[in-house]
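Residues per chain, in single letters:
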Amino acid sequence: MNIKRVMSLSLAACLSLSPMVAMAEDAVKSNTDIVSENEKQETPNYIEFKGKITNINSNDKTFSILVENDKDKLIAHIVDDVILLDDSTLDFIDKEDLEEGMEISMFYSKDTIMLMSYPGQLKPDSIVVRSSKDFTGIKVDKFDKDLVSEDNMLKLNINEGVEVVDREGNKLSKEDILNKDLLVFFTASTKSIPAQTTPEKIIVIKNNEPTVFNKVIINDEEIKLEDHMYKNKDGIVMMPLREIAEKLGYKLVWNKDDSSIELTKGAQWTKVIVGEDNYNFAKMMVELGAAPELKETKTYVPINFLEKVLMANMENTVDGTLKITQ
């Protein structure tokens, strides 16, 4: 199989963490069929947006497409980790293969950062060009150890004829795809619940590793975090306090007696205590939704500590880079 890699591109604009930016889970009603208020429907892990490419914007730094259907439109930014495929060949394609007038299915995680302009703008996880005249089913979801999708709608049966690859096209075994986020091509399935199918092709689109914002720019200096951010049990992003605060010019002192850290920078002073969701700001105590946590001798605090306590500015780009300035 001739695998073509998507060229590395960067987005020109950063999306500020403000009311103008939302997660796809919150924005889904404005970009998919509107669900009745009386109807309760759980948001899927991946949202599919079907439409036609009506415009392509390309220059040396960015590549984006405008996708429209009868109800809505979205701008998709195509960067290096967006998977592009064609459902007639089930093969990878390049961004240059995209053309105006093509019918596509665009898939993006419910946690995708979306700029709430009109049209909305985001970076999808994958795009499939719908050029095949025959039926091609596509399922994008996390599949468990039994290869059942998290929404319990599809179970995969794997035999030697099923092509299983990673996003670079490297061949994988059945064991490599357990508990992973997969893009699955199939042509027929049973009418059971979950439906069962022997797929045509499976692509691992995420390894589900809990890394969050490992690329950080602090006061215009790009750093690679030694202590990675992570999501706690409640899904709140936790950041390494010392590593980031020192880059912002703070001095930190660990107090063993009460498991606390004092931060000072000129006249600024604050104190955090491990296990207590009470943060000192301007002689007042504020709650951030999560207490500081001690992990392998390192203290982590919620990422909103930057804005709410240290009064730093944060910007987040769609390619997952966090910019911090103070």
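Residues numbered from 1 in each chain as written. Predicted model: local features only at pLDDT ≥ 70, side-chain atom pairs only at ≥ 80, totals over all residues. Heavy atoms only, no water.

1. Here's the deal with the sheet that holds strand β15 (residues 180-186)
Line of reasoning, step 1. Taken in spatial order, the four strands line up as β12-β15-β17-β14 in an open sheet, and their pairing is mixed. Looking at strand neighbours, the two that pair on one side only are β12 (137-143) and β14 (163-165), the edges of this open sheet. Between one strand axis and the next, the sheet turns through 20° on average, direction left out of account.
Line of reasoning, step 2. Direction of pairing for β12 relative to β15: antiparallel, over a ladder of seven bridges. Of the residues in β15, the one forming a bridge with Gly137 is Phe186. (Pairing = 2+ DSSP bridges. Helix = DSSP H or I, 4+ residues; strand = E, 2+ residues; numbered from the N terminus. Axes fitted to C-alpha atoms, helices over the stretch in contact; angles between N-to-C directions.)

2. As for the pairing of strand β6 (residues 83-86)
Line of reasoning, step 1. The alternating pattern of β6 places Ile83 and Leu85 on one face and Leu84 and Asp86 on the opposite face, and all of these are buried.
Line of reasoning, step 2. Where β6 lies against strand β11 (residues 126-129), four bridges are found, and the strand directions are parallel. For Ile83, the partnering residue across the bridge sits in β11 and is Ser126.
Line of reasoning, step 3. Two strands pair when backbone bridges link them, and β6 and strand β7 (residues 91-92) are joined in this way by two bridges, in the antiparallel orientation. Within β7, the position partnered with Asp86 by the bridge is Asp91.
Line of reasoning, step 4. Between the end of β6 and the start of β7, which pair antiparallel, lie four residues, with Leu90 showing a positive phi angle near 60°. (Buried < 20%, exposed > 50% of the residue type's maximum accessible area, 1.4 Å probe, protein only.)

3. Here's the deal with the side chain of Asn45
Line of reasoning, step 1. Here Asn45 lies in the loop between α1 (24-31) and β3 (46-58).
Line of reasoning, step 2. Judged by relative accessible area, which is 18%, Asn45 ranks as buried.
Line of reasoning, step 3. Only 3.0 Å separates the side chain of Asn45 from the side chain of Glu150, close enough to count as a polar contact.
Line of reasoning, step 4. Residue contacts for Asn45: discarding those within four places in its chain leaves Tyr108, Ser109, Lys110, Asp141, Lys142 and Glu150. (Polar contact = N/O pair within 3.5 Å; in protein donor to acceptor, adjacent residues only side chain to side chain. Contact = heavy atoms within 4.5 Å.)

4. Re the nonpolar core
Line of reasoning, step 1. In terms of nonpolar packing, the biggest core is built from 28 residues, with Met229, Leu241, Ile244, Phe305, Leu306 and Ile324 touching the most fellow members.
Line of reasoning, step 2. Residue assignment for this core shows that the elements contributing at least two residues are β18 (215-218), β21 (237-240), α2 (241-247), β23 (260-265), α3 (305-308) and β30 (322-325).
Line of reasoning, step 3. The element best represented in this core is α2, accounting for three residues.
Line of reasoning, step 4. If we ignore the near neighbours within four places in the chain, the residues touching Phe305 are Met239, Leu241, Leu263, Thr270, Val272, Tyr279, Leu288 and Leu310.
Line of reasoning, step 5. With 21 residues, the next largest nonpolar core counts Leu74, Ile78, Ile104 and Met114 among its residues. (Core = buried A, V, L, I, M, F, W, Y, C linked by side-chain atoms within 4.5 Å.)

5. Observations concerning the environment of Thr54
Line of reasoning, step 1. For Thr54, the position within the fold is in strand β3.
Line of reasoning, step 2. The contacts of Thr54, once residues within four sequence positions are left out, are Leu66, Glu68 and Glu100.

6. A short note on the sheet that holds β23
Line of reasoning, step 1. Across the sheet, three strands lie side by side as β22-β23-β24; this open sheet has antiparallel pairing. Of all the strands in the sheet, the pair left with one neighbour each is β22 (251-255) and β24 (268-273). Within the sheet, the average angular offset between the axes of one strand and its neighbour, ignoring direction, is 20°.
Line of reasoning, step 2. Relative to β23, β22 runs antiparallel, the two sharing five bridges. Bridge pairing in β23 links Asn255 to Ser260.

7. Looking at the environment of Asp87
Line of reasoning, step 1. When you line up the elements, Asp87 lands in the loop between β6 and β7.
Line of reasoning, step 2. For Asp87, a relative accessible area of 4% translates into the label buried.
Line of reasoning, step 3. For the pair Asp87 and Thr136, spaced 49 residues apart in the sequence, the C-alpha separation amounts to 6.8 Å.
Line of reasoning, step 4. Beyond its immediate stretch of four places on either side in the chain, Asp87 contacts Val128, Val129, Arg130, Ser131, Ser132, Thr136 and Phe185.

8. Focus on the pattern of salt bridges
Line of reasoning, step 1. Counted by the stated rule, this structure contains 14 salt bridges.
Line of reasoning, step 2. Each of Glu48, Asp87 and Arg130 takes part in salt bridges that share partners, so that together they form one network. (Salt bridge = Lys/Arg side-chain N within 4 Å of Asp/Glu carboxyl O.)

9. Observations concerning the confidence of the model for the chain
Line of reasoning, step 1. Across the chain, pLDDT averages 84, with 83% of residues at or above 70.
Line of reasoning, step 2. The spread of mean pLDDT over the elements of the chain runs between strand β1 (residues 15-16), the lowest at 37, and β11, the highest at 98.
Line of reasoning, step 3. Counted against residues more than four places away or in other chains, residues 1-20, with its pLDDT under 50, gives 63 contacts.
Line of reasoning, step 4. Within the model, pLDDT remains below 50 along residues 28-41, and this stretch shows 16 contacts once partners closer than five positions in the same chain are excluded. (pLDDT = per-residue confidence, 0-100.)

10. Remarks on the side chain of Ser149
Line of reasoning, step 1. With respect to the element layout, Ser149 can be found in the loop between β12 and β13 (154-156).
Line of reasoning, step 2. Taking the relative accessible area as the measure of exposure, Ser149 reaches 3% and is therefore buried.
Line of reasoning, step 3. A polar atom in the side chain of Ser149 sits 3.2 Å from the backbone nitrogen of Met153.
Line of reasoning, step 4. The residues contacting Ser149, other than those within four sequence positions of it, are Lys139, Asp141, Lys142, Phe143 and Leu154.

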